[in-house]
Structure formats: structure tokens, C-alpha cells
Amino acid sequence: MKIRKIIVYLCVFAAAASIFTRIIYVNKVYPSVKIHNYNIGDTVNTDEYQICLDSVKVYEKAEWENYIDSTQIGRERDSYKADDKDAALKMRYNPDEDYKVIETELLVKNISGERKTAVMGQLCSVNGIMQKMMMNYYYTRRLQPEGKIDSIVRTIEAGETQKWKCYYVVNNTDEELFFEYIKVGQINRISLNLHKS
Amino acid sequence: MKEIFKIECMRAFRNKKFLLMALAGCLIALLDLVGTSWLGGAIDLAQCAEKIEPGYTNVFESNAVVTSLYFWMPNHGDVSKYYYVYKVLIPVMAAIPYGSSYVEDKRSGLINQLILRCKNKKDYYITKFIVTFINGGTIAAIPIVASLIISMCVAPWGIPVYSVSFYSVGKRAVFAELFYKHPELYVIIYIIYVFILFGLLNCLCLTVGFFEENKYAVILVPFLVYYGSSFIMKYLFGSTASLMTTSGMMLLYKDIAVYVAVQIFIVFVVDLLFFMKIKKDVI
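Going by an unreviewed UniProt entry, chain B carries the name ABC-2 family transporter protein and comes from Lachnospira hominis.

An unreviewed UniProt entry annotates chain A as Alternate signal-mediated exported protein, CPF_0494 family of Lachnospira hominis.

Structure (C-alpha cells):
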């Protein structure tokens, strides 16, 4: 009876020890899930790109509408027909409510040594702890430094640095928002500090 | 009180039924990973760990980074048939080891001997209540803890990232922000919530023991209340407010939390009726 007890205890101990060892191994060897925090202006080095969030500008609704009206591109809502059922899906924000526009200016350098194709808004994005934001294609395509672009898919030559402007429109900005670049083993965040300014 | 508590704990936790239910719970947790598509994700991650090198980008064919909470059973929700089985059967599983012990004590006359060991009658009932609560809560919490340990064996611990859309904790869920900021606290609260919910449901067996002496009927009572609340709540407020749906805290939404709290409170009050009937009991 005593021997049986000892065997049971030994089995339990061995199982616990192997589980514990496995957990330590997984946490050491597997792709890291640690979040790295950076500041605006810092350069994030990845395997393929060197990304720098050069500047961030936040426009209030009225300020943004004045700015857009001063350009010739027109407001996003006006570009859709009144009976366009997909307009809400395309816009992803309610233009009748209060909203903010976040303009991010990025410097993206291709350090992979070969020509690369990157999709703006997929390479990195603006998110919150509880918010996944989609880049606004309408304004992003029309407000690039070089003028209107046809596609958000960008080709970057080896060693080339490109300046991108990405626009995000959001109705609720109660949350802290951050610029996020996620890749296997890397979660890089830059707080946008919208509430502090 | 100490002596009777010891005896009752031995009866509740050192019996074959408890061991069997605990193992069944662990099996459900294991099958949730091994028997579903999540195993594929775990293998993919393991391959990624071996191949990780500059330029390697694919985990689940995306750039996402997963934590062990992705593989945690409650995160799968009803998509996982094993989690659904857990959710449906757990009140019965929790009641099997010890839920009917009061009825059995009464039928066998053991209750008299046990009460004689106590200084007063109340001690026996209080002990019975506490041990039934702990036993039910433990059986319910074991698969959740086992699943967490299993998931920690296949993926590293870390802070979940909302934007990768891998986690079922949405904006509406209670403690959602805690999940994405301090997941360890969220997990502790989750386990405590499951423990309390099923502990209280298990104590219904005691109250029902006054009216019903069939132990099988007594064991089924927590399940009937739990499952019955699904129908009532679905009719009144929509299915999301039922105890069964919200037994997974990830689906406990802020706007319906009050209804769930009221249901748990009602269960607690019904549990307390066990003490109201002490004077009327057989002895």
C-alpha cells in the first residue's frame, strides 16, 4: 500500500515537473509576445523595414472639414451617392457624429536588400487596447506627399526610403490609441498620447 | 466544527467520483486542444519556433503573435464542441461527487452520528454547505485551470493584442480592458467567477434535499436550474443573459451583467433556505 502511494506521488511529481519545464521552454524559445514601447520619432528596426513614425497630427471634425474644403479633393461622404448602401461600410465612421482624424507620417525604409511590395495600412496601423482601426483609404490615397496615388500597394526598392501619410478617422477616442507594428516575435507600439495634448 | 469539516472534506475530495470527474474535466480540456483545429495552430506555432529567423513571418498565415490565452478553452467559446460539452455538463459533473451526500446521510442515518460529533446541529449544516460549495466550485474550475496549463505548454504567456482579432473578449464583455492589460488578473477573476457560480449551483442540491430524497433527482437539480434559466432568460432578455451562456465570463456582457447577478443572487438565496429548515429536519 505504501509503495503504491509512493509510486503515485512520484508519477504526480514527474508530471508536474515535466509540465513546469515545458512551460519554461515555451516561454523562452517560442516567438516573443512582449510588447515593445517606442516614442514618436524612434526608428523601429524589423527584418525587412526600418519604420519611423515621424509625426502625428490630430484634426477635430470642424478643423478637418475646413482643411478638406480648402483642398480640391472633396469630403469623403460627398464622393458616394446618396443611395449608396455600401457607403457606411466604406466609411467605417459616422460623419454626422463628432469624429477625429489622425494623420500619421511615416518613413519606411526597405532594408531587406531586395525590392519589396508593402500594403499601406497592413504593414502597420493605429489601434487601441480595445479598438482595431482601419486606415481610411479615401483620404490616404488622395493626400500623399506626391499627390494622389492609384493604389495603397507600394513598391519599395532595396535601400529606398518612402514617406507615407496614413489617415485614420474615428468617432470615439476615449481610449488611448497607439501606432502598432506587429510581426512574429515583435509587437511594437508607439503611444499617440492623444489625450495629453 | 474542525473535526466535522475534516471528515466532510475527506468524503468530498477523497472519493473515486471526485477523481473521476476531475479526470473527465481534464480530458475535456485536453480534447479541446487536441481534438480540434486549435492543434493545427499549436503545431504551426511550434514550427515557427524552430524556423524563426529573419524574414520568417507566418503564424497562421498572418503576422499575428499568439499567447497561451488563444489556446485557452474559454476563448474558443461554443465553436469548440468540447467547451460546449463542458458548459452543458458541468453542473451535473459538479454535483456527482458530493451533491447528494446530504440526502444519502439522511437516508442512511449517518447524519445522526455526524451531528453527535458536532457541538451543535448548526455546525453540521454549515460544514455541509461550505464543503458542497467548495466541491462544486473545484470540479468546475479544474477543466479551466487544466486548459490554461495545457495552453501554456503550447504557447508563451503574454499580453493579448486586440487588433489581431484572436480573442473572443469583445468591448461589451465585463473586465474586457483587464483582459488586454492584465490578463493574469482576468484569468484569476474568471476562475473565481466559475468557482462561485458552480459552487452556489451545487448547493441547490442541499436545499432540494428537504423535498426530494432520490439522489439522482437531487444531482440533476443544479443542471435543471442552470439549463432552465436559458429558456427563461432567452424569452425575457435574449439568450445572452442566461447562466449557461454567461458561465463563460468572456460572454458576460456589461449591459446584461445585472440580470446575471440577479440570477446568481436568487440561487444564493435559495441555497440559504437550507439553513431555514434546520429545525424541521429529521433529528
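Asks: Explain the environment of glutamate 104 of chain B to me, please; I cannot follow it from the model alone.
Replies: Tracing the chain through its elements places glutamate 104 of chain B in helix α7 (residues 101–108). A relative accessible area of 30% means that glutamate 104 of chain B is categorised as partly exposed.

Asks: What should I look at first to understand the UniProt feature "transmembrane region" (unreviewed entry) in chain B in this one?
Replies: Residue and element names in this part refer to chain B. Mapped onto this numbering, the UniProt entry gives "transmembrane region" (unreviewed entry) at residues 83–103, 124–157, 185–209, 216–236 and 256–276. The span residues 124–157 shows a helical share of 91% and a strand share of 0%, and its end C-alpha atoms are spaced 43 Å apart. Within the segment residues 216–236, helix and strand shares are 100% and 0% respectively, and the terminal C-alpha atoms sit 30 Å apart.

Asks: For this particular structure, what's the right way to read the pattern of salt bridges?
Replies: Between side chains of opposite charge, pairing is possible as soon as their charged atoms come close. Residues and elements named next belong to chain B. On inspection of all chains with the given rule, the structure shows 18 salt bridges over all chains. The partner of lysine 128 in a salt bridge is glutamate 8, with the nearest N and O atoms 2.9 Å apart. Linking lysine 128 in helix α9 (residues 121–154) with glutamate 8 in helix α1 (residues 2–13), this pair joins segments that are 120 residues apart in sequence. The pair lysine 128 / glutamate 8 is uniform in exposure class, with both members buried. Taken together, the shared-partner salt bridges connect Glu8, Arg11, Asp105 and Lys128 into one network.

Asks: Would you mind going over the sheet that holds strand β10 (residues 177–183) of chain A with me for this structure?
Replies: Within a sheet, each strand pairs with its neighbour through backbone hydrogen bonds, oriented either parallel or antiparallel. Residues and elements named next belong to chain A. Within the open sheet, the five strands sit side by side as β1-β11-β10-β6-β7. Their pairing is mixed. Both edges of this open sheet fall to β1 (35–38) and β7 (131–132), since each of them pairs with a single strand only. With four bridges connecting them, strand β6 (residues 125–128) and β10 associate as antiparallel partners. Looking at β10, one finds that asparagine 127 is bridged to phenylalanine 178.

Asks: Would you take a moment to explain the packing of helix α6 (residues 81–95) of chain B against helix α11 (residues 183–208) of chain B for this structure?
Replies: In a pair of packed helices, the angle between the axes and the distance between the axes together describe the arrangement. Residue and element names in this part refer to chain B. In the contact formed by α6 and α11, the axes pass within 8 Å of each other and the chain directions differ by 45°. If you check the angle between α6 and α11, you find them oblique. When you trace α6 past α11, the crossing you get is right-handed. On α11, the residues that touch Tyr83, Tyr86, Ile90, Pro91, Ala94 and Ala95 of α6 are Tyr190, Val194, Phe198, Asn202 and Cys205.

Asks: Sorry, what's going on with the layout of surface pockets here?
Replies: Sizing a probe to match a water molecule and rolling it over the atoms shows the empty space that remains. Considered as a void within the structure, the second largest pocket measures approximately 500 Å³ in volume. Forming the boundary of the second largest pocket are Met1, Arg4, Lys5, Val8 and Tyr9 of chain A together with Phe13, Arg14, Asn15, Lys16, Phe18 and Leu19 of chain B. Those elements that place two or more of their residues in the lining of the second largest pocket are α1 (2–29) of chain A together with α2 (16–34) of chain B. Per element, the largest residue contribution to the lining of the second largest pocket is four residues, and it comes from α1 of chain A. Of the residues belonging to the lining of the second largest pocket, the class tally is six nonpolar, one polar and four charged.

Rules used throughout
The numbers attached to residues start from 1 for each chain and follow its sequence in the written order. Throughout, the order in which chains and ligands are written sets their labels, letters from A for the former and numbers from 1 for the latter. Predicted model: local features are reported for residues with pLDDT of at least 70 only, side-chain atom pairs are reported and counted for 80 or more only, and whole-chain, interface and lining totals are derived from all residues. With hydrogens and water stripped out, all remaining heavy atoms of the structure feed into the side-chain values. Under the scheme used here, helices are H or I runs from DSSP no shorter than 4 residues and strands are E runs no shorter than 2 residues, and both carry numbers assigned from the N terminus. Type-normalised accessible area, obtained with a 1.4 Å probe on protein chains alone, sets the label of each residue: buried when under 20%, exposed when over 50%, and partly exposed for intermediate values. UniProt positions are given in the numbering used here, feature names are shortened, and annotations may be inferred rather than shown by experiment. What makes a salt bridge here is a side-chain nitrogen of Lys or Arg within 4 Å of a carboxyl oxygen of Asp or Glu, nothing more. Any two strands with at least two DSSP bridges between them are considered paired. Helix axes use the C-alpha atoms of the stretch in contact, all axes being lines fitted to C-alpha atoms, and the angles between their N-to-C directions lie in the range 0 to 180 degrees. Throughout this description, any angle smaller than 35 degrees is read as roughly parallel, any larger than 145 degrees as roughly antiparallel, any in the 65 to 115 degree range as roughly perpendicular, and the remainder as oblique. When the near helix sits turned anticlockwise from the far one by under a right angle, the crossing is termed left-handed; a clockwise turn instead gives a right-handed crossing. Throughout, a residue-residue contact means that at least one pair of heavy atoms, one from each residue, lies within 4.5 Å. Only protein atoms enter the 1 Å grid used here, on which a cavity is any set of points holding a 1.4 Å probe that cannot leave and a pocket is any open set flanked by protein within 12 Å on both sides along at least five of seven lines; residues with an atom within 4 Å of a point are listed as lining. Grid points are joined across faces, edges and corners, and a volume is the space filled by probe spheres set on the points. Amino acids are sorted into nonpolar (Ala, Val, Leu, Ile, Met, Phe, Trp, Tyr, Cys and Pro), charged (Asp, Glu, Lys and Arg) and polar (every other residue, Gly among them).

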